[in-house]
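Reading the structure
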Amino acid sequence: MEMDKRIHLELQNRMPSDVKELVLDNCPSNESKIEGHTDEFEELEFLSIINIGLTSVANLPKLNKLKKLELSDNRISGGLEILTEKCLNLTHLNLSGNKIKDLSTVEPLKKLENLKSLDLFNHEVTNLNDYQENVFKLLPQLTYLNGYNRDDKEAPDSDAEGYMEGLDDEEEDKDEEEYDEDAQVVEDEEDEEEEGEEEDVSGEEEEDEEGYNDGEVDDEEDEEDLDEEENGQKRKREPEDEEEDDD
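The rules we used
Residues numbered from 1 in each chain as written. Predicted model: local features only at pLDDT ≥ 70, side-chain atom pairs only at ≥ 80, totals over all residues. Heavy atoms only, no water. Helix = DSSP H or I, 4+ residues; strand = E, 2+ residues; numbered from the N terminus. Buried < 20%, exposed > 50% of the residue type's maximum accessible area, 1.4 Å probe, protein only. Contact = heavy atoms within 4.5 Å. Areas by Shrake-Rupley, 256 points an atom, 1.4 Å probe, with all protein chains shown as cover. Salt bridge = Lys/Arg side-chain N within 4 Å of Asp/Glu carboxyl O. Pairing = 2+ DSSP bridges. Core = buried A, V, L, I, M, F, W, Y, C linked by side-chain atoms within 4.5 Å. Polar contact = N/O pair within 3.5 Å; in protein donor to acceptor, adjacent residues only side chain to side chain. Arc of directions from axis to C-beta. pLDDT = per-residue confidence, 0-100.

**Considering the overall build of the protein**
Each helix and strand counted, the protein has 4 helices and 6 strands in total. In the protein, buried positions account for 30% of the 247 residues. Partitioning the intrachain contacts of the protein with sequence separation of at least 6 by distance along the chain shows that 53% fall at a separation of at least 24. Carbon and sulfur atoms make up 40% of the accessible area of the protein, which amounts to about 16600 Å² in all.

Rendered as structure tokens:
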């Protein structure tokens, strides 16, 4: 099955319980069944199954930690109460491009207490009078509908982009931690080199001081030699002076 192959590629030798993000877009499903996607994906937080021909979410496995679900461009027309049983912690749900025709279809979603963002683009329901106001009344926990809040202010990020940015931030944090560790190693090495240079310099200074002291000793010896020569000359002169006196 095409879906099974995609799941196998997504896993890439990982266990289902290690996967937090799964993208199965454009994979034809078998009679609206998501083949190979089971409740073993217990850590899954992001699931994207766009344009796979789904007519129902009845076969979706139970995913207690799932926060973001992309179901756009399928053929879902109802049965959303299943999501309140299998994906109770959803915060973002994208149903754009499906077959929802009336507001009662989305009413079961009010049981999803953490649901903050809902996308219903390209549905017949969006043509109803006061559609946006009525959806916010049905689902008071919502912050954004089709990317806008009650005051028509646009959401800072789309659902999927917000999730992906979160993953990127985690990777950057890891990279920064690794960079900090590498930088610390370099700093330690530089400190060791500086300590070695200081020892060398101190050794040179000691040698200079010894040389300086040697110089002082040499000067003193030279002075002593001069004194001895002068005394010798005096001794030589003394007998001559005595002879002159005798004459």
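**What to know about the pattern of salt bridges**
This structure, assessed with the given rule, holds 3 salt bridges. A salt bridge links E43 to K65, with the shortest nitrogen-to-oxygen separation between them at 3.0 Å. Of this pair, E43 sits in the loop between β1 (21-23) and β2 (46-48) while K65 sits in the loop between β2 and β3 (68-70), placing them 22 residues apart in sequence. E43 sits in the partly exposed class, given a relative accessible area of 23%. Overall, K65 belongs to the partly exposed group, its relative accessible area being 41%. Across the pair K110 and E107 runs a salt bridge whose closest N-O atoms are separated by 3.5 Å.

**Some points on unusual backbone geometry**
One non-glycine residue, N122, lies in the positive phi region at around 60°. Structurally, the position occupied by N122 is in the loop between β5 (117-119) and α3 (131-138). The class for N122 is exposed, based on a relative accessible area of 63%. In the Ramachandran plot, D152 falls in the positive-phi region, its phi being about 60° despite a non-glycine side chain. Along the polypeptide, D152 turns up in the loop between β6 (144-145) and α4 (159-246).

**Some thoughts on the sheet that holds β5**
Strand order in the open sheet formed by 6 strands is β1-β2-β3-β4-β5-β6, and the pairing between neighbours is parallel. The sheet is open, and its two edges are formed by β1 and β6, each paired on a single side. Pairing of β5 with β6 involves 2 bridges; the strand directions are parallel. Residue L118 lies in a different strand from β6, and its bridge partner there is L145.

**Considerations on the environment of E70**
Mapped onto the elements, E70 comes out in strand β3. Each C-alpha atom, one on E70 and one on N51, is 9.8 Å from the other, the two residues being 19 residues apart in sequence.

**A look at the nonpolar core**
Counting residues in each nonpolar core, the largest one holds 38 residues, and the members touching the most others are L47, L69, L71, L83, L93, L109 and L118. Those elements that place two or more of their residues in this core are α2 (81-86) and α3.

**Thoughts on the side chain of N146**
Its location among the elements puts N146 in the loop between β6 and α4. In this structure the side chain of N146 is engaged in a polar contact, spanning 3.4 Å, whose partner is the backbone nitrogen of F121. Of note is the side chain of N146, whose polar atom sits 2.6 Å from the side chain of Y131. Not counting residues up to four positions away in its chain, the partners in contact with N146 are L118, D119, L120, F121 and Y131.

**Some points on α3**
Along α3, the residues classified as buried are Y131, V135 and F136. End-on, the buried residues of α3 take up no more than an arc of 135°, which puts them together on one face. Residues of α3 that are buried make contact with β6.

**Remarks on the confidence of the model for the protein**
With 55% of its residues at a pLDDT of 70 or more, the protein shows a mean pLDDT of 75. Contacts for the low-pLDDT stretch residues 158-165, under 50 throughout, to residues beyond four places or in other chains number 15 contacts. The model gives residues 240-247 a pLDDT under 50, and that stretch makes 0 contacts with residues more than four places away or in other chains.

**Overview of the side chain of N94**
The residue N94 is located in strand β4 (residues 92-94) in this model. For N94, the residues in contact, after removing those within four places along its chain, are L69, E70, L71, S72 and D119.

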